[in-house]
Structures are given as structure tokens and as C-alpha cells.
Amino acid sequence: RLVILVKRNNSAMIDFFKKLECDLDEFEEASVIRLEFERDTTNEEWLRKGEELFQKEEYKVATSCFVTAEEFGWSNWAEGRYFLKIGDVEKTKVSFRTAAQIFYNTLEYKRCLDVLSELGNVNQRWDASDNGILDDALKKEPHYLPRHDTIKFAVLRKSWDIIQVNDILDVNLSSLFRSFREDQRLKDVVSKCTMDELNQLDAILPNIAGDVYVTQGKFGKATSAFFRGNDYESAKGLFVKVSSMAIKENEYNDMLTSVVELWRKSDES
């Protein structure tokens, strides 16, 4: 290949070569170029350089280093991160899946789990075809993944048997459950909340807490939660429903008080 040496941050030189339609989207370090033209460079040196560039998030150049080092799990992982960086999600998923499979085949189960975890962040709809290597890698390294990743996989795969109330109340995990509001399995878990836990849920996922309040007949708290969760349709529907029900006067008054208090705060803001 042709190598052009350009001084770092020299805009005049960069503009000149861009006018010649040279590909300058990503620069390679001079040290990488030197390694490339030294015939006695070992695979281990290429691997170390690739890992160094990987940590610096220079994924395109790192990919080349890993390929030369014949570390194809790493090269596909780096390539996937590069595609993600430029916004090509479909190519990202292909590269990550290839990397995970290679790491699995070479018995590098921790790396396999690392890549599958990143794939889970990209692929919000889990592909059942990935279950085989994930399950086996988890058996080989049962304590490797942090709880966050374990729960993330459980949610993506809809494996609710390991999900507990504390997982839903974890602020680092709670966003995973927002889209499952209508799922009966989530409702079954949050129905077991104590009063303290329900108060925490109210602060993190108010609409889900509001649904629990409705089942408990706490209509004032439910309306307040729906308003804070910006679910005005549920708040309106509940207000209309309760207005037509033969409920205790104090429950109706509690509901009106919640609405008035929210309006007051809105006026003050």
C-alpha cells in the first residue's frame, strides 16, 4: 500500500491530500507504520500494539494490527466497535457475533461474554441464535459477569426467574424495565414490594408504581405517580373511573388533593 506521512494537526497538508481524494478518515500512528514495514515484527508485538490502539479507541487501525497478529476474535471486536462508532449498527452486530463465536471456539469465555454484553447493548431484541454460546460461556465462567450484565441478559431474553425487586430498584438497571410495564411477569415481581420498596419504585419508575397503587386502591398516590411519569392518559382515565365508582369519600378527596397539589407545584415552577 501507499503510505503518506502527514504532520499531526497540520491542516494545510490535510486539506491538500483531501482535495486529492485521499482517504484520511482515520490516521495511523507512525509507530504502527514502522512495525508494518519491519519484516521481523512478531505476532505478539502486533497484538500488543492492537490492544494499545483498542484502548485508545482507534478501532480501525487496531483491527489491522489484530489481523496481522492473526487474532481474529480481537480484530472482529475492534471492527464492530469501529462500525458502532460510525453508526452502522447492522455491521456492528455481525462483527460482534463473529468475534464472540471466535472467542468461544478458542475457549476464551470471558472475552466471549464481554463481546456478547456489548452486543446486548446494541441489539435490544435478543436473537435466540446467540443463546447457545451465551449459556455455555456462562456455565464456564459463572461468576465473571457483574449483576448488571446478568440482569440485562435476563431482560433481553425474558428470563424473569432470576429477576428480583432489588434489580428493578437499582437505578443503573431500572431503565431496562420501563418498556415492560404491561408485562405480567414484571407486575408479578413488583406486586411483592414492601411499602419502602414501593416508595423507591415511585421515585424511579412512577408509572409502574402507579399501576401497583391502583391495584391497592390508593388512587390518590396512583394519580400523582402517573402525573410525575407524564402518563396523563392513565391519570385522566383513573380520575374518570374513580369518579363513577362508589368509593369512600376520603379516597376521592385524597385523589383530588393529589391533583390540586400537582397543579400548585406546576403554577410555582
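The structure displayed is predicted, hence computed values, not measured ones. (Residues numbered from 1 in each chain as written. Predicted model: local features only at pLDDT ≥ 70, side-chain atom pairs only at ≥ 80, totals over all residues. Heavy atoms only, no water.)

Draft legend 1. View of the overall build of the protein chain. When helices and strands are tallied, the protein chain shows 16 helices and 0 strands. Every one of the 269 residues in the protein chain was classed for burial, and the buried ones make up 39%. Within the protein chain, contacts between residues at least 6 apart in sequence are counted, and of these 44% link residues at least 24 apart. Of the roughly 16200 Å² that the protein chain leaves accessible, carbon and sulfur atoms contribute 50%. (Helix = DSSP H or I, 4+ residues; strand = E, 2+ residues; numbered from the N terminus. Buried < 20%, exposed > 50% of the residue type's maximum accessible area, 1.4 Å probe, protein only. Contact = heavy atoms within 4.5 Å. Areas by Shrake-Rupley, 256 points an atom, 1.4 Å probe, with all protein chains shown as cover.)

Draft legend 2. Examining helix H14 (residues 219-228) more closely. With respect to burial, H14 is a largely interior element, 7 of its 10 residues being buried. All of the buried residues along H14 are Phe219, Gly220, Ala222, Thr223, Ser224, Ala225 and Phe226. Backbone geometry just after H14 places Asn230 at a positive phi near 60°.

Draft legend 3. Just the packing of helix H3 (residues 43-55) against helix H4 (residues 59-68), in detail. Taken N-terminus to C-terminus, the directions of H3 and H4 make an angle of 160°; their axes are 8 Å apart at the nearest point. Considering their axes alone, H3 and H4 lie roughly antiparallel with respect to each other. Considering only the axes of H3 and H4, their crossing is left-handed. Contact with H3, carried on its side by Asn43, Trp46, Leu47, Lys49, Gly50, Glu51, Leu53 and Phe54, involves Tyr59, Val61, Ala62, Cys65, Phe66 and Thr68 of H4 and no other residues of that element. When the residues that make up the contact of H3 with H4 are grouped by side-chain class, the tally is 9 nonpolar, 3 polar and 2 charged. (Axes fitted to C-alpha atoms, helices over the stretch in contact; angles between N-to-C directions. Parallel < 35°, antiparallel > 145°, perpendicular 65-115°, else oblique. Left-handed = near helix turned anticlockwise from the far one by under 90°. Nonpolar A, V, L, I, M, F, W, Y, C, P; charged D, E, K, R; others polar.)

Draft legend 4. Geometry of the environment of Lys218. Considering the arrangement of structural elements, one finds Lys218 in the loop between helix H13 (206-215) and H14. Residue classification places Lys218 among the partly exposed residues on the basis of a relative accessible area of 28%. Beyond its immediate stretch of four places on either side in the chain, Lys218 contacts Met195 and Tyr213.

Draft legend 5. Representation of the pattern of salt bridges in the model. Here the structure, examined in full by the defined rule, presents 15 salt bridges. The residue Asp130 makes a salt bridge to Arg97 at a minimum N-O spacing of 3.0 Å. In this pair, Asp130 is assigned in the loop between helix H7 (109-122) and helix H8 (131-140) and Arg97 in helix H6 (residues 89-105), connecting sequence segments 33 residues apart. Residue Arg97 is classed as partly exposed on the basis of its relative accessible area, which comes to 25%. A salt bridge links Asp183 to Arg185; the shortest N-O distance between them is 2.7 Å. Since its relative accessible area comes to 17%, Asp183 is described here as buried. Overall, Arg185 belongs to the partly exposed group, its relative accessible area being 33%. Ionic contacts of the salt-bridge type, sharing partners, join the residues Lys49, Glu52 and Lys56 into one network. (Salt bridge = Lys/Arg side-chain N within 4 Å of Asp/Glu carboxyl O.)

Draft legend 6. The side chain of Thr63, seen in detail. Mapped onto the elements of the fold, Thr63 is located in helix H4. Given the relative accessible area of 14%, Thr63 is considered buried. Here the side chain of Thr63 touches Glu79 through a polar contact of 3.3 Å, landing on its backbone nitrogen. Those residues in contact with Thr63 that lie beyond four places of it in its chain are Ser75, Ala78 and Glu79. (Polar contact = N/O pair within 3.5 Å; in protein donor to acceptor, adjacent residues only side chain to side chain.)

Draft legend 7. Spotlight on the packing of helix H5 (residues 72-85) against H6. At a minimum axis distance of 8 Å, the contact between H5 and H6 shows a crossing angle of 160°. When the axes of H5 and H6 are compared, the pair comes out roughly antiparallel. The crossing of H5 and H6 is left-handed. On the side of H5, the interface is formed by Phe72, Gly73, Trp74, Asn76, Trp77, Glu79, Gly80, Arg81, Phe83 and Leu84, while H6 contributes Lys91, Thr92, Ser95, Phe96, Thr98, Ala99, Ile102 and Phe103.

Draft legend 8. Representation of the nonpolar core within the structure. Phe54, Trp77 and Leu116 are the most contacted members of the largest nonpolar core, which has 33 residues in total. At the level of secondary structure, the elements contributing two or more residues to this core comprise H3, H4, H5, H6, H7, H8 and helix H9 (147-156). Ranked by residue count, the leading element in this core is H7, at 7 residues. Every residue in contact with Trp77, bar those within four places of it in the chain, is listed here: Phe54, Phe96, Ala99, Phe103, Arg111, Asp114, Val115 and Glu118. (Core = buried A, V, L, I, M, F, W, Y, C linked by side-chain atoms within 4.5 Å.)

Draft legend 9. Structural context of the environment of Asn131. Inspection of the secondary structure assignment puts Asn131 in helix H8. Judged by relative accessible area, which is 22%, Asn131 ranks as partly exposed. Between the C-alpha atom of Asn131 and that of Phe153, which follows or precedes it by 22 residues, the distance is 9.9 Å. If near-sequence neighbours (up to four positions away) are discounted, Asn131 is found in contact with Trp126 and Arg157. Polar contacts involving the side chain of Asn131 include one to the side chain of Trp126, which spans 2.7 Å. A distance of 3.0 Å separates polar atoms of two side chains, one belonging to Asn131 and the other to Arg157.

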